[in-house]
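Per-entry structural report
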Amino acid sequence: MDRTARHSETRYGNRPTMKDVAARAGVGLKTVSRVVNSEPGVTPDTERRVQEAIDALGFRRNDSARVLRKGRTASIGLVLEDLADPFYGPLSRAVEEVARAHGALLINGSSAEDPEREQELVLALCARRVDGLIVIPAGDDHRYLEPEIKAGIATVFVDRPAGHVDVDMVLSDSFGGAREGVAHLIAHGHRRIGFIGDQPRIHTATERLRGYHAAMRDAGITVEDGWVSLGSTEPERVRTAAEEMLSGPEPVTALFAGNNRVTVTAVRVIAERERPVALVGFDDIELADLLGITVISQDASAVGRTAAEHLFRRLDGADHAPARVELPTTLIPRGSGELPPA
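Keep in mind that this is a model prediction, so the values were computed, not measured.

A look at the overall build of the protein chain
Along the protein chain, the regular secondary structure elements total 14 helices and 12 strands. Against the 2.2 N^0.38 benchmark of 20 Å for 342 residues, the protein chain shows a C-alpha radius of gyration of 27 Å, more extended than a compact globule. By principal-axis analysis of the C-alpha atoms, the protein chain measures approximately 90 × 55 × 35 Å. Per-residue burial over the protein chain gives 47% buried out of 342 residues. Within the protein chain, contacts between residues separated by at least 24 positions form 65% of all contacts whose residues are at least 6 apart in sequence.

Structure representation (structure tokens):
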């Protein structure tokens, strides 16, 4: 048969069914069902014929239909902020490992930090009957989820709290981590310390800024207006903020970067300057160990694993009050945060 003939026989979107297998094997539908589900009552010869038909047709069991009869779909949804962010790689992998251990499929997507897109994605996953959701929120009002939660969809929020709904939450200690990182710079002699963070509507950004202010206050240091900059983490915005802080007659001598994307741009800006500038970044970045970048590290895998374990406990029937779990961060000194003021 030539390629054109083979192509004409392909019916995209029309997968073989158990009826097709039964017709090819010359048996009843119930017999095919028994073979597919490894049930007794089928002779070896009949089982062989059915299996040959399955192989010839490329038939795959419809697990969705099977699990729906049991009331669950054996799938969970994960809504991330940005699939390209390195923080979410190990987090997603940890969630998937827990899901796999429970025989569930993970479906994930990105909100791109857009509250409307977050809601659209969450409700699309609900419409596909996922058993549970793990959400890294972009918005701050999640009342749209109330009907889904009441209908039985287990939900855990990660990295940032849910808005106006009572659900389990798994967070990192953003306040404590930032406070420790800034205190580390102060301990190495710095008093003029700049803070560059994400947009102020984001919970982690405001918590890290709060930690910065707490450390400065603890040391009796008054923060000047030009030392703090919140906004987009796009390189152009971060570069402008860093250059302004590092310029003028009384520049800052150290920077605290509010997340990994800010840290990457800050490293580039500092590398272009003759005067050494101390740096501590929140979140680890690739090659930070080789570059000697001091960071406040979050255990993304532990965050994902903890969130998934909470979710499956809910799916297994746990009905305790919503829990808020806050995981500690770790200061990793590598050199950049230990530089003295120039």
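Brief notes about the environment of Thr17
Counting through the fold element by element, Thr17 comes out in the loop between α1 (3–9) and α2 (18–25). Expressed as a C-alpha distance, the spacing of Thr17 and Ile54, which sit 37 residues apart in the sequence, is 9.5 Å.

Some words on a nonpolar patch on the surface
A surface patch of nonpolar side chains, amounting to about 340 Å² of accessible area, comprises Leu287, Leu290 and Leu291. Counting through the fold element by element, Leu291 comes out in helix α13 (residues 288–291).

Some details on helix α3 (residues 29–36)
Taken residue by residue, α3 has Thr31, Val32, Ser33, Val35 and Val36 as its buried positions. Tucked inside the fold, the buried residues of α3 contact α2 and α4 (44–57).

Focus on the domain arrangement of the protein chain
Many structure descriptions define interface size as the accessible area lost when the parts assemble. When its domains are assigned, the protein chain resolves into domain 1 (3–61), domain 2 (73–172 + 300–327) and domain 3 (174–298). The distance between the C-alpha centroids of domain 1 and domain 3 comes to 62 Å.

Remarks on the packing of aromatic side chains
Scanning the entire structure with this criterion turns up 3 aromatic pairs. Each ring, one from Phe87 and one from Tyr88, has its centre 5.3 Å from the other, and the planes form 75 degrees; the classification is edge-to-face. With a centroid separation of 5.4 Å and 45 degrees between ring planes, the pair formed by Phe195 and Tyr212 is classed as tilted. Of this pair, Phe195 sits in strand β6 (residues 193–197) while Tyr212 sits in helix α10 (residues 203–218), and the two are 17 residues apart along the sequence. Note on Tyr212: relative accessible area 0%, which makes it buried.

Considering the side chain of His310
Checked against the element boundaries, His310 lands in helix α14 (residues 300–315). Residues in contact with His310, not counting those within four places in the same chain, are Val156, Asp168, Ala323 and Val325.

Some words on the pattern of salt bridges
Side chains carrying opposite charge are able to pair once their charged atoms draw close together. Counted according to the given criterion, the structure contains 18 salt bridges. Here Asp45 ties to Arg49 by a salt bridge, and the two come within 3.6 Å at their closest N and O atoms. Here Asp45 and its partner Arg49 are both found in helix α4, 4 residues apart, which amounts to about one turn of the helix. Looking at Asp45, the relative accessible area reads 40%, which means it is partly exposed. Here the salt bridges share partners, and the residues they tie into one network are Glu81, Asp85, Glu113, Asp159, Arg160, Arg201 and Arg261.

About the thresholds
Residue numbers run consecutively from 1 along every chain, following the written order of its sequence. It should be noted that, the model being predicted, local features are given only for residues of pLDDT at least 70 and side-chain atom pairs only at 80 or more, the latter also being counted only at that level, while totals for whole chains, interfaces and linings use all residues. Side-chain descriptors were evaluated using all non-hydrogen atoms of the structure, hydrogens and water having been removed beforehand. Only DSSP runs of H or I with at least four residues qualify as helices, and only runs of E with at least two residues qualify as strands; both kinds are numbered from the N terminus onward. Each radius of gyration reported is based on C-alpha atoms, and the globular scaling rule is 2.2 Å times the count of residues to the power 0.38. For every residue, the accessible area (1.4 Å probe, protein chains only) is compared with the maximum for its type, and the residue is labelled buried under 20%, exposed over 50%, or partly exposed between those bounds. We call two residues in contact when some of their heavy atoms are within 4.5 Å. Only residues above 30% relative accessible area that lack a salt bridge enter a patch, with like-charged residues linked at up to 9 Å and the nonpolar side chains Val, Leu, Ile, Met, Phe, Trp and Tyr linked at up to 5 Å. Per-residue and other accessible areas were derived by the Shrake-Rupley procedure at a 1.4 Å probe size, with only the shown protein chains allowed to occlude residues. Salt bridges, as used here, are contacts in which a Lys or Arg side-chain nitrogen is within 4 Å of a carboxyl oxygen on Asp or Glu. What marks off one domain from the next here is an automatic or database domain assignment. Between rings of Phe, Tyr and Trp, where Trp is taken as its six-membered ring, a pair exists when centres lie within 6.5 Å; planes separated by under 30 degrees are stacked, by over 60 edge-to-face, and by other angles tilted.

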